[in-house]
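# Chains, contacts and geometry: an overview
Each chain, letter by letter, is given below.
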Amino acid sequence: MSGEPASRHEFWIVDTVGEATAVLVLADEEGAPVVSDVALQLLGDRAEVGAVLRVPLGQVGEPVWERAERVDPVSPPGPRTGPSDPG
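This one's a predicted model, so the numbers in the text were calculated from it and none came from an experiment.

The rules behind these values
Residues numbered from 1 in each chain as written. Predicted model: local features only at pLDDT ≥ 70, side-chain atom pairs only at ≥ 80, totals over all residues. Heavy atoms only, no water. Phe/Tyr/Trp six-rings, centres within 6.5 Å; stacked < 30°, edge-to-face > 60°. Helix = DSSP H or I, 4+ residues; strand = E, 2+ residues; numbered from the N terminus. Buried < 20%, exposed > 50% of the residue type's maximum accessible area, 1.4 Å probe, protein only. Contact = heavy atoms within 4.5 Å.

## With respect to the packing of aromatic side chains
Counted according to the given criterion, the structure contains one aromatic pair. Judged by centre distance (5.1 Å) and plane angle (70°), the rings of Trp-12 and Trp-65 are edge-to-face. With a gap of 53 residues between them, Trp-12 in strand β1 (residues 9–17) and Trp-65 in the loop between β4 (52–56) and β5 (69–71) connect regions that are remote in the sequence. The burial state of Trp-12 is the same as that of Trp-65; both residues are buried.

## Regarding the environment of Ala-27
Tracing the sequence through the fold places Ala-27 in the loop between β2 (21–26) and β3 (35–39). By relative accessible area, Ala-27 is classed as partly exposed at 37%. Ala-27 sits 25 residues away from Val-52 along the chain, and the two C-alpha atoms are 8.4 Å apart. Those residues in contact with Ala-27 that lie beyond four places of it in its chain are Phe-11, Trp-12 and Ile-13.

This is the structure:
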């Protein structure tokens, strides 16, 4: 077995933003929600309510908040607009 370990990450959603911390909820969790208070100085301008963050994991599986990247959630296509008559 050689080479680098596979990149591991989690997706977190910014739930609320306070004066010094943001509350994030783990997006991939089934069952009881996993919640974390994170210092705003670690997240910077990525701490916006509703933002989805891709957070890399450290060697022991801990979130590395200062390396989080904001990602846009995938939206389903909207309803078709315009005439439905092909001719």
